[in-house]
Amino acid sequence: METESEPYVRLATLRQLHQVVAELNTARSLADTLQTVADGVVAGLGYELACVNLVRPDGDLVVAAFAGSAAAEALITGRVGSRASWERRLSMGEGWGDLRFIPHTEGWVLMEDDVPQWHTDGPEPRFEDEWHPQDRLYAPMYASGGGRELLGVISVDRPRNGRRPGPWGQEALQMYASQAGIAISNARLRANMQRALVRLEREQQALRASEESFRQAFEYAPSGMAIAEMGGDQHGRLLRTNDALCRLLGRPASAMRRYAFADLVHPDDVGTLLRTSAEGGRAEIRLSRRDGSYVWVSLRNSVVADTADGPRFLLTHVEDIEDRKRHELQLAHRASHDALTGLPNSAELRARLSARLCERPEAGRPSDVDALDAAYEEAVYAGDGYGGDGRHGDRHGDGYHDDGFGFDAVGSRPYDHHVHMVAPDDEYDDGTKGLAVLFCDLDGFKSINDRFGHQTGDAVLVEVARRLTTGVRDGDTVARLGGDEFVVLADGLGAADAADLAVRLRNAIILPIRVGGRGVRVGASFGIGWASCGMSVDEVLTSADQRMYVEKRSRSKVHRRAG
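It should be emphasised that the depicted structure is a prediction, and the values quoted were computed from it without experimental measurement. (Residues numbered from 1 in each chain as written. Predicted model: local features only at pLDDT ≥ 70, side-chain atom pairs only at ≥ 80, totals over all residues. Heavy atoms only, no water.)

1. Considerations on the pattern of salt bridges
Phase 1: All told, the structure shown has 29 salt bridges when counted by the stated rule.
Phase 2: In this structure, the salt-bridge partner of Asp-443 is Lys-552, at a minimum N-O distance of 2.2 Å. Here Asp-443 is found in strand β13 (residues 434-443), whereas its partner Lys-552 is found in helix α18 (residues 537-553), with 109 residues between them in sequence. The burial state of Asp-443 is the same as that of Lys-552; both residues are buried.
Phase 3: In this structure, Glu-463 engages Arg-467 in a salt bridge whose closest nitrogen and oxygen atoms are separated by 2.8 Å. Here Glu-463 and its partner Arg-467 are both found in helix α16 (residues 454-470), four residues apart, which amounts to about one turn of the helix.
Phase 4: What makes Glu-463 buried here is its relative accessible area of 19%.
Phase 5: Owing to a relative accessible area of 12%, Arg-467 belongs among the buried residues under this scheme.
Phase 6: Salt bridges sharing partners connect three or more residues here, namely Arg-282, Glu-284, Arg-324, Lys-325 and Glu-328. (Salt bridge = Lys/Arg side-chain N within 4 Å of Asp/Glu carboxyl O. Helix = DSSP H or I, 4+ residues; strand = E, 2+ residues; numbered from the N terminus. Buried < 20%, exposed > 50% of the residue type's maximum accessible area, 1.4 Å probe, protein only.)

Given below as structure tokens:
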């Protein structure tokens, strides 16, 4: 059975979460937003039923949207539950972060209160974490800002896998509820702003009242707001900003009027900003603060038009999404790295290796252009190469160093100009350098697990990962393939260089490892393969794996354990 701890399951969940969160921002009206929230739970989070309960002005909660069952929707949509009953529910059961889970063993006392609810039939659970038909799980939605104003509650039922959500599923639902709260707040804000703009255009006799309404909605909006000039030499210049935007960027309003958004945007995001100047345009960019740092924001534009003269200015809503971006990066890192060692996992290893390969087979010796590229890379590595002194420069702690494989820290982009990979000749050293793939399998690790337990085994794996990472250069990748298998990708090596690297790494691994007051030892077998264009990732890894087993069989069991 697939579990949420498996990397490809987590990646699929992350992709689905990103998709449904993106769809929250496409809804125009508040009603559309509420229905999109309910539909997103069913479509992207793995539940068969979802209900959105919205706080009314009098404090009670009304069922505003439902997804997953037409019969249940007809039964409870529009019904109201008192605030007191809801507060009672949100204080019962188990707290999973902001989530509230009420197991069926406690929820029976809620059967007669006034909160609209539906009941599903089903068998009794067969194991501890199986979902019971009368289990309840609630995800509160709060307004953005520090006040934690309750906007509503998402109720979910019947997980498709039949189990209570684990930590990954809980975190996904909590993040979705946070983004849903922002989307509902934004929908309300947009509705208020649109009403204010309509009054400005159509109610000439009540112009002053309309302007005051607009001013209050603008000035006291919890998110940043700006009005910018459209057209002419001053296109894009900020005419007016509210306090929230000034606080976000750490700049006074008088200073903001000297800038356009193009002056404040991160250089890498200028193109995105220029493509987002039309009505309804939306972009996620970085804006500079007064202290020189950058903050991630979401921009949503509306064109305020004059019926006689055409467009006059651009109304921009600026939402602080720094926390969401940081959370997305953390989730992406967790999905692509091994939880125990912190090294890149199998999926990330394959992605990095795939980025260096193309479908065109190597044609023997490299071309003149490739030779020049290789010479340049060799010169770059000369100050941090594999020399006799064993020094390899600074470490970054995740088994990947950011010069050698064409990825940046965020986007993991490959090089713009592909350099074709060729494999050095194992028998004749003609000076060819290539991308070495060192497949490492620990010898004697199973006996450590059997004798001392998995906790000791885990500590050994962590220390082996540290020694491998310490023993490579900036730009090389050390990944945990699974179990006691590791893979090292090292570019710019000849056959002799790769063999020397394998010996040094093996010698580092076989040194005693202190765990819990005792010393344990493991051996290591290395197989050296080469990545060449025209090969698939599986072919590259299989080649290195086969050579590792040849090397393992060539030594006796005693020598393998002793290193």
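2. Concerning the sheet that holds β13
Paired through their backbone hydrogen bonds, the strands of a sheet run either parallel or antiparallel.
Phase 1: Pairing is antiparallel across the open sheet formed by four strands, whose spatial order is β14-β15-β13-β18. Of all the strands in the sheet, the pair left with one neighbour each is β14 (477-482) and β18 (523-531). Going across the sheet, the axis of each strand differs from the next one's by a mean of 25 degrees, ignoring polarity.
Phase 2: Against the sheet, α16 contacts β13, β14, β15 (485-493) and β18, and its axis sits at roughly 0 degrees relative to β15.
Phase 3: Running over the sheet, α18 touches β13, β15 and β18 and is turned about 140 degrees from β18. (Pairing = 2+ DSSP bridges. Axes fitted to C-alpha atoms, helices over the stretch in contact; angles between N-to-C directions. Contact = heavy atoms within 4.5 Å.)

3. Points about unusual backbone geometry
Phase 1: A positive phi angle, near 55 degrees, is found at Arg-158, a position not held by glycine.
Phase 2: Take Arg-158: it is sitting in strand β7 (residues 150-159).

4. A closer look at the sheet that holds β7
Phase 1: Taken together, seven strands build an open sheet; the order of strands is β3-β2-β1-β7-β6-β5-β4 and the sheet is antiparallel. In the strand order of this sheet, the two ends are held by β3 (80-81) and β4 (94-96), each with one partner.
Phase 2: Direction of pairing for strand β2 (residues 61-67) relative to β3: antiparallel, over a ladder of two bridges. Bridge pairing in β3 links Val-62 to Val-80.
Phase 3: Where helix α2 (residues 30-44) meets the sheet, it contacts β1 (47-55), β2 and β7, and its direction lies at approximately 155 degrees from that of β1.

5. What to know about the pairing of β2
Phase 1: Burial analysis of β2 places six of its seven residues in the buried class, the great majority of the element.
Phase 2: The antiparallel pairing of β1 with β2 creates a hairpin that spans five residues between the two strands, and Gly-59 there sits at a positive phi of about 100 degrees.

6. Some points on the confidence of the model for the chain
Phase 1: Per-residue confidence for the chain gives a mean pLDDT of 80, with 79% of residues at or over 70.
Phase 2: Below pLDDT 50 for its whole length, residues 378-384 participates in ten contacts with residues either more than four positions away or in separate chains.
Phase 3: Here residues 387-416 is a poorly scored stretch, pLDDT under 50, and it has 72 contacts once near neighbours within four places are set aside; other chains count. (pLDDT = per-residue confidence, 0-100.)

7. Section: the packing of helix α15 (residues 445-452) against α16
Phase 1: Look at α15 against α16: their axes get within 7 Å of each other, and the N-to-C directions meet at 145 degrees. Residue-level inspection shows Phe-445, Ile-448, Asn-449 and Phe-452 of α15 in contact with α16, the latter providing His-454, Thr-456, Gly-457, Val-460 and Leu-461.

8. Thoughts on the side chain of Asp-338
Phase 1: With respect to the helices and strands, the residue Asp-338 is situated in the loop between α12 (322-336) and α13 (346-355).
Phase 2: In this structure Asp-338 comes out as buried when scored by relative accessible area, which is 16%.
Phase 3: Those residues in contact with Asp-338, other than ones at most four positions away along the chain, are Leu-343, Pro-344, Asn-345 and Arg-480.

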